[in-house]
Amino acid sequence: MEDAIRLTYQISPDDFTRAGEASSDVKKKLKQMGVSPEAVRKVSIAMYEGEINMVIHAKGGEIRVEITPKRILMVLDDVGPGIPDVELAMKDGYSTAPDEVRSLGFGAGMGLPNMKKYTDRMEIETKLGVGTKITMVVDI
């Protein structure tokens, strides 16, 4: 089995002051490891978008990251309301963010589309009233 670095981050709901800390930490670690700038960029954008979604829409959750010589796996597991219509949520500009969140500059409806755009593979498992698990992979 190949060596893997595993990182875990707890995401707090409604904490916009700390939103982005997990993705920034992963970005820093990937740079230190000499991962290509393109892969670092893709991971940073996808993970940041997911992290912000967890802060806005979910009641917090956990992000697990596994870094191997071949890929970066990100699993975002939240305890939010679930996504009623994944296909609709994947459309550019579609947002269910409340006005107070939009007034902070978040909730433009590009989170899930950007997560898909900047990863090589993305899978969404969601259950209403239980939560959502998003698995993303960036190959290196």
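Just so you know, these numbers come straight off a predicted model, no measurement behind them.

The rules behind the values
- Residues numbered from 1 in each chain as written.
- Predicted model: local features only at pLDDT ≥ 70, side-chain atom pairs only at ≥ 80, totals over all residues.
- Heavy atoms only, no water.
- Pairing = 2+ DSSP bridges.
- Helix = DSSP H or I, 4+ residues; strand = E, 2+ residues; numbered from the N terminus.
- Axes fitted to C-alpha atoms, helices over the stretch in contact; angles between N-to-C directions.
- Contact = heavy atoms within 4.5 Å.
- Salt bridge = Lys/Arg side-chain N within 4 Å of Asp/Glu carboxyl O.
- Buried < 20%, exposed > 50% of the residue type's maximum accessible area, 1.4 Å probe, protein only.
- 1 Å grid on protein atoms, 1.4 Å probe; cavity = no way out; pocket = protein on both sides within 12 Å on 5 of 7 lines; lining within 4 Å.
- Points joined across faces, edges and corners; volume = space filled by probe spheres on them.
- Nonpolar A, V, L, I, M, F, W, Y, C, P; charged D, E, K, R; others polar.

Description of the sheet that holds strand β3 (residues 71-78)
Spatially, five strands are ordered β1-β2-β3-β5-β4 in an open sheet, and the strand pairing comes out antiparallel. Looking along the sheet, the strands with just one partner apiece sit at the ends: β1 (5-11) and β4 (121-127). Taken over all neighbouring pairs, the strand axes of this sheet differ in orientation by 10° on average, direction set aside. Across seven bridges, the pairing between β4 and strand β5 (residues 131-139) is antiparallel. Along β5, the bridge assignment pairs Glu123 with Thr135. Docked against the sheet, helix α1 (residues 21-32) engages β1, β2 (61-67) and β3, running at close to 160° with respect to β1.

Side note on the pattern of salt bridges
One pass over the structure, following the stated rule, counts nine salt bridges. For Glu66, the salt bridge goes to Arg71, with nearest N and O atoms at 3.0 Å. A salt bridge links Arg121 to Asp139; its shortest N-O distance comes to 3.1 Å. Of this pair, Arg121 sits in strand β4 while Asp139 sits in strand β5, and the two are 18 residues apart along the sequence. For Arg121, a relative accessible area of 43% gives the class partly exposed.

As for the layout of surface pockets
Estimated volume of the largest pocket: approximately 650 Å³. Together, 35 residues line the largest pocket, and Asn53, His57, Ile83, Thr96 and Leu112 are the ones closest to its centre. Counting only elements with at least two residues in the lining of the largest pocket, the list comes to α2 (37-57), β3, α3 (86-89), α5 (111-117) and β5. If one sorts the elements of the lining of the largest pocket by residue count, α2 sits on top with eight residues. Its residues assigned to classes, the lining of the largest pocket shows 20 nonpolar, 12 polar and three charged.

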